Amino acid sequence: MRTAIVDHPLDPAALLAEVASTESGASTLFVGTVRRVNEGKLVSGIDYSAYGPMAESELATIANEAASRFGTTRIAVEHRLGTLALGEASIIIAVSHERRAAAMDAQRFLIEEIKKRVPVWKREHYADGSREWVDPTAGVVAGGAA
Amino acid sequence: MEISVLLFASWSDALGPSVTVRVPAVATVRDVMEAVLARAGGRALPKPLVAVNHRYAKPESPVRAGDEVALIPPVAGG
């Protein structure tokens, strides 16, 4: 099991190879990428930043929870920081397990918990030159929309 | 006592990467949060959580001298 916050481009194949095992019947690979349109606005890139020490420890805690909950330690997660262009990967999650259902459930658990708990922030850059911090809790009532 | 509070994202843009606030000698997360909110004045900033020593802390949790305290605005990783 390995989790890391990094500042270099991610390599999905490397993480998949890292979790591979002849004990496994299934490996899953999740790749989160920078999307062109968010909330109707044209995105040109995203700056990712983090509270480094807490992001590292929270990521490790979540991986430990996934391991005990789903029964595999063949888990590798990397989250990238810095300025990413469209299509670049911001997060890779690789999970390998004897059974496919548990592998997929573990992966879903990992990405959902990471999105809720790991102190990472993104500031989107838009095609019109503006920038904005993304607030998933903002909903329809909060201000800040340009 | 004085507590230095780390800030991130929109909070850091508005107030800088950290602020030092004065709270009672026996203080809670709520006391620290209120002191930092007072610094924000009328600015519209997203409601944060608080972390003490790299763990999310409840409003009633104690804060002691030397703790690493951080305001955690809504996270958006992944």
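Refer to the structure printed above.
Described below are features of the structure shown in this document. Since we're looking at a predicted model, the values are computed, not measured.

With that settled, the discussion passes to the sheet that holds strand β5 (residues 55–57) of chain B. Residues and elements named next belong to chain B. The five strands are arranged β2-β1-β7-β4-β5 in an open sheet whose pairing can be described as mixed. The open sheet is flanked by β2 (18–22) and β5, the only strands paired with a single partner. The mean angle between the axes of side-by-side strands here comes to 35°, regardless of whether they run parallel or antiparallel. Pairing of strand β4 (residues 49–52) with strand β7 (residues 69–72) involves four bridges; the strand directions are antiparallel. Among the inter-strand pairings, Leu49 is bridged to a residue of β7, identified as Ile72.

Further remarks concern the interface of chain B and chain A. With 19 residues of chain B in contact, the opposing surface of chain A contributes 25 residues. Between chain B and chain A, the buried area comes to about 1,700 Å², and carbon and sulfur atoms account for 63% of it. Counting across the interface, chain B meets chain A through one salt bridge. The salt bridge involving A:Arg123 is made with B:Asp13; its shortest N-O contact spans 3.5 Å. Run the count over chain B and chain A and you get 11 residue pairs in polar contact (both at pLDDT 80 or more). Those elements that provide at least two residues to the side of chain B that touches chain A are α1 (9–15), β5 and β7 of chain B. With three residues, the top contributor of residues to the side of chain B that touches chain A is α1(B). Here the side of chain B that touches chain A is built from residues that sort into 12 nonpolar, four polar and three charged.

Another point: the pattern of salt bridges. Tallied over the entire structure, the rule returns 13 salt bridges over all chains. A salt bridge links B:Arg22 to B:Glu2, with the shortest nitrogen-to-oxygen separation between them at 3.6 Å. Placement of B:Arg22 in strand β2 and of B:Glu2 in strand β1 (residues 2–6) is noted, with a sequence separation of 20 residues between them. Taken as a pair, B:Arg22 and B:Glu2 share a single burial class, namely exposed. Linked by salt bridges that have partners in common, A:Glu58, A:Glu65, A:Glu113, A:Lys116 and A:Arg117 make up one network.

Cut-off values and rules
- Residues numbered from 1 in each chain as written.
- Chains lettered and ligands numbered in written order.
- Predicted model: local features only at pLDDT ≥ 70, side-chain atom pairs only at ≥ 80, totals over all residues.
- Heavy atoms only, no water.
- Pairing = 2+ DSSP bridges.
- Helix = DSSP H or I, 4+ residues; strand = E, 2+ residues; numbered from the N terminus.
- Axes fitted to C-alpha atoms, helices over the stretch in contact; angles between N-to-C directions.
- Contact = heavy atoms within 4.5 Å.
- Buried area = accessible area lost by both parts, 1.4 Å probe.
- Salt bridge = Lys/Arg side-chain N within 4 Å of Asp/Glu carboxyl O.
- Polar contact = N/O pair within 3.5 Å; in protein donor to acceptor, adjacent residues only side chain to side chain.
- Nonpolar A, V, L, I, M, F, W, Y, C, P; charged D, E, K, R; others polar.
- Buried < 20%, exposed > 50% of the residue type's maximum accessible area, 1.4 Å probe, protein only.

No statement about biological role is implied by the geometric values presented.
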